[in-house]
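Below are the chains, spelled out letter by letter.
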Amino acid sequence: MSVPLYQAKAELFRTLGHPARIRVLELLQDGPKPVRELLAAIDVEASNLSQQLAVLRRAGMVTSYRDGPLVMYSLSTPDVADLLAAGRRILGAVLTDRDALLDELRAGGTGPAPDAATSTGLDGSRAGQSR
C-alpha cells in the first residue's frame, strides 16, 4: 500500500530533523568522505554517527560503498545539496533579527550555533525569556 505524497514528504523532513544528520549532509556536499573523516568533523560518538548514517541511508539521502578498508559515504543525488541550499535561503529570509547567523549564512559557513544564552528564538525572543 503506497503512502500519500504529503506523508512521504513529512517523513523526508523528519529525517532532516537531527543536527548530526544535517552536518553529515553538509560535509558530503564536497564529495564522498570516509566515516573516520565524518567522525572527526562531527562532535558525536562513533555509535551515534553510525545510527545517524543508517537513518540517512534508509531514507535514501546517502549511499555507502567500500574503498579498500574504508567505508565511504556520498550524497545519493545532487538534489540533496539543492535541498540544503534551499534551507539556507529560507533561513536567510526568515531570520532577519539574527545578524550573526545571517552573516554566517551569507559567508557560507557551517559553524556551531551561537551560545543559547545570547541567541534569539524564531519568534525573536531571547533564550530564557518569553514574549
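Scope of this entry: the structure provided in the associated data block.

Thresholds, definitions, all that
One numbering rule holds for all chains: residues counted from 1, following each sequence as written. Local features in a predicted model are, by the rule used here, given only for residues with pLDDT of at least 70; side-chain atom pairs are given and counted only at 80 or more, and totals for whole chains, interfaces and linings are based on all residues. Values reported for side chains reflect all heavy atoms of the structure, with hydrogen atoms and water molecules removed beforehand. By the criteria applied, helices consist of DSSP H or I runs no shorter than four residues and strands consist of E runs no shorter than two, each listed in order from the N terminus. Working definition: with a 1.4 Å probe on protein chains only, accessible area under 20% of the residue-type maximum means buried, over 50% means exposed, and in between means partly exposed. All accessible-area figures derive from a Shrake-Rupley calculation using a 1.4 Å probe, and residue coverage is judged against the displayed protein chains alone. Strand pairing requires that DSSP identify at least two bridges connecting the strands.

### What to know about the overall build of the protein chain
Secondary structure assignment for the protein chain yields six helices and three strands. Overall, the protein chain shows an N-to-C arrangement of helices and strands of α-α-β-α-α-β-β-α-α. Residue burial in the protein chain is summarised as follows: out of 131 residues, 27% are buried. If you sum the accessible surface of the protein chain, you get close to 8600 Å²; carbon and sulfur atoms cover 55% of it.

### A look at the pairing of strand β3 (residues 70-75)
Looking down a regular strand, the side chains alternate between one sheet face and the other. With two bridges connecting them, strand β1 (residues 33-34) and β3 associate as antiparallel partners. Residue pairing for β3: Lys33 is matched across the bridge by Tyr73. Judged from the six bridges that link them, strand β2 (residues 62-67) and β3 form a sheet pairing that is antiparallel. Its bridge partner lying in β3, Asp67 is registered against Leu70. Once β2 ends, the chain turns through two residues before running back antiparallel as β3, passing Gly68 with a positive phi of about 65 degrees.

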